[in-house]
Amino acid sequence: MHLEEFAEGKSFIHSLDPRIKLISLFPFIVIVAIARGLTVPSISLMASAILISFARLHMRPLLERLLAVNLFILFLWLILPFSVEGRSIFTIGPLTATSEGISYALTITLKANAIVLATIALVATIPIFRLVHALRHLKVPEKLVSLFFFCYRYISVLHEDYSALHNAMKMRAFKPATNVHTYRSYAYLVGVLVLKSYEHSEKVYQAMLCRGFRGKFPLLDHFTHITRKDFIFFVSMIFVAACLVTLEVGNHFWGLP
Amino acid sequence: MIKIQKLRFAYPGDKLVFNDLDFLYEKEQKIGIVGPNGSGKTTFFYLIMGLLKPQEGEIEIFNKVRQTEKDFEDVRRKIGFLFQNPDHQLFCPTVAEDIAFGPLNLGKTHKEAREIVSRISKLLGLEKYVDRASYKLSWGEKRLVCMATVLAMEPEVLLLDEPTAGLDERSTHKVLNYLKQDGPSFIIASHDMNFLKTLTDKIYLLNGGKILY
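Parameters at a glance
Residues numbered from 1 in each chain as written. Chains lettered and ligands numbered in written order. Predicted model: local features only at pLDDT ≥ 70, side-chain atom pairs only at ≥ 80, totals over all residues. Pairing = 2+ DSSP bridges. Helix = DSSP H or I, 4+ residues; strand = E, 2+ residues; numbered from the N terminus. Contact = placed C-beta atoms within 7 Å. Axes fitted to C-alpha atoms, helices over the stretch in contact; angles between N-to-C directions. Nonpolar A, V, L, I, M, F, W, Y, C, P; charged D, E, K, R; others polar. pLDDT = per-residue confidence, 0-100. Expected span 1.5 Å × (residues − 1). Buried ≥ 20, exposed ≤ 12 C-beta atoms within 10 Å, placed from the backbone. Core = buried A, V, L, I, M, F, W, Y, C linked by C-beta atoms within 7 Å.

1. Thoughts on the sheet that holds strand S5 (residues 64–65) of chain B
Residue and element names in this part refer to chain B.
Then comes step 1: Read across the open sheet, the four strands follow the order S2-S1-S4-S5; overall the sheet is antiparallel. Taken across any chain shown, the strands that pair with only one partner, and hence form the sheet edges, are strand S2 (16–25) and S5.
Then comes step 2: Pairing geometry for strand S4 (residues 56–61) and S5, over two bridges, is antiparallel. Its bridge partner being in S5, Glu60 is matched across the sheet by Val65.
Then comes step 3: Each of strand S1 (2–10), S2 and S4 touches helix H1 (residues 41–49); the most contacted strand, S1, lies at about 120° to it.

2. A closer look at the interface of chain B and chain A
How big an interface is tends to be stated in terms of the accessible area lost upon association of its parts.
Then comes step 1: Of the residues lining the interface, 26 residues belong to chain B; the matching set on chain A comes to 19 residues.
Then comes step 2: Of all the secondary structure elements, the ones that give two or more residues to the side of chain B that touches chain A are helix H2 (69–78), helix H3 (86–89), helix H4 (95–105) and helix H5 (110–123) of chain B.
Then comes step 3: With seven residues, H4(B) is the single largest residue contributor to the side of chain B that touches chain A.
Then comes step 4: By residue class, the composition of the side of chain B that touches chain A is 15 nonpolar, seven polar and four charged.

3. With respect to the confidence of the model for chain B
Then comes step 1: Summing up the model confidence of chain B, the mean pLDDT is 86 and the portion of residues at 70 or higher is 99%.
Then comes step 2: Interface confidence for the predicted complex, expressed as ipTM, amounts to 0.73; the pTM equals 0.69.

4. Topic: the environment of Asp230(A)
Then comes step 1: Within the secondary structure, Asp230(A) sits in helix H8 (residues 228–254).
Then comes step 2: Among residues more than four places away in sequence, those in contact with Asp230(A) are Leu16(A), Asp17(A) and Ile20(A).

5. Concerning helix H6 (residues 139–151) of chain B
Helical geometry: 3.6 residues make up each α-helical turn, so side chains three or four residues apart lie on a common side.
All names here are of chain B.
Then comes step 1: In a regular helix each residue adds 1.5 Å, so 13 residues correspond to 18 Å; H6 covers 18 Å between its end C-alpha atoms and thus fits that length.
Then comes step 2: For H6, the complete set of buried residues consists of Glu141, Lys142, Arg143, Leu144, Val145, Cys146, Met147, Ala148, Thr149, Val150 and Leu151.
Then comes step 3: As for H6, its buried residues are in contact with strand S6 (79–82), H3, H4, H5, strand S7 (157–161) and helix H7 (169–180).

6. Section: the nonpolar core
Then comes step 1: Core analysis: the largest hydrophobic core is formed by 66 residues, its most contacted members being Ile48(B), Met49(B), Phe81(B), Leu82(B), Ala148(B) and Leu159(B).
Then comes step 2: Looking at this core element by element, the count peaks at seven residues for H6(B).
Then comes step 3: Those residues within four positions of Ile48(B) in sequence are excluded, and the remaining contacts are Ile2(B), Ile59(B), Ile79(B) and Leu159(B).
Then comes step 4: By size, the runner-up hydrophobic cluster in this structure holds 27 residues, among which are Val40(A), Leu51(A), Ala55(A) and Ala118(A).

7. Re the environment of Leu122(A)
Residues and elements named next belong to chain A.
Then comes step 1: You can see Leu122 is positioned in helix H4 (residues 99–122).
Then comes step 2: Taking the C-beta count within 10 Å as the criterion, Leu122 has 27 such neighbours and is therefore assigned buried.
Then comes step 3: With 71 residues separating them in the primary sequence, Leu122 and Leu51 have C-alpha atoms 7.9 Å apart.
Then comes step 4: For Leu122, the contacting residues outside a window of four places in its chain are Ile13, Lys21, Leu25 and Leu51.

8. With respect to the pairing of strand S2 (residues 95–98) of chain A
All names here are of chain A.
Then comes step 1: Across four bridges, strand S1 (residues 88–92) lies against S2 in antiparallel orientation. Following the sheet pairing, Ile92 is matched in S2 by Leu95.
Then comes step 2: Hairpin connection between S1 and S2: a loop of two residues separates the two successive antiparallel strands, and Gly93 in this loop has a positive phi of roughly 55°.

Shown next as structure tokens:
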């Protein structure tokens, strides 16, 4: 399984220091998340699209990820327009769609896509171990970072185990069908995976103990210095975030567009 | 150095693995352990490392009876244990970090750790791997890296569980050479009689929960 497909690349975004990318992403995401109305979310979606275009990612996997996110949002579109009170636009049977409901759903859609795109552009373009190091250098608690890393690391191990077992089943002429044999075989597969992962985690822990582990993860690598490029990027991201804040505040207090 | 007396061990709800096991390992001995599958070679190593606790009997290592987790912390610093499955031993993002993990845990500085990484990787011909992700290597490569992580701790004794399984001839040769020449003393569990014969002073047979000489 390839979980780092966006991390390989040589674009401007890829060449930035991961720490800078993380700290410039944070204010942007917070503002987008708390913004109301349509103005700020649409502008931030545009900003995210610009970031994505800088990262020069492959379109297909990108669209696939967006599709996954928007499938979730689709459910909101089925419910929200009919459950928010306001001016009615049309009715289907007992359900009345309101314009407030629709704009609420639209806001959420814009925000979600903006955040996902910005995260893909700035976080998914960091190879996993650079990301882990960046988090540790940014003083994120060690336990959280380890938890995150082990999740990532063992998703691929689990997936490997799963494919090996599944192949072994196929080698013995297993063909999935709608019958008890199939269900039972899949249940065995899942059962073995659970047992294996438990055992695996135990063994890893024991191996760590054998190498003197006492609850601390030492860090071997250090990042090089921040370059001018990083600095410029950071400042522009802060500038964008500041503009969004101004707009949002203006919107709120003085009813600007 | 390692003295085991009247050891009795069974996995919970399973049949007895060891009954009244006695074993003596003296300083600078190089010994091999052979035995059929499931005879308890790996379990034996786990007991020495304190990863499993015996139901009865006494384990004395470096002239001290070892019982608690704390006792074994000290043992693990001085005895290097190579697991059979490399996936169990490697977990760091890069090979270099995996090799440095042990030394850093032992309180070495970054500079020292780096020196150890470059020395060990040279020794085993792993120079070109150090910056790669350890979990993306092939099985044989992973086993070599595991060997490196254990050697990096600079142990006094090595416990090697099937060290040559999955290695190609060249890598086997490298490991062999190292163990023959300047390596620490060791206990090796293996099926490979030829490999053991060229390396060890003594070969023990583990069978039916007893060690035969």
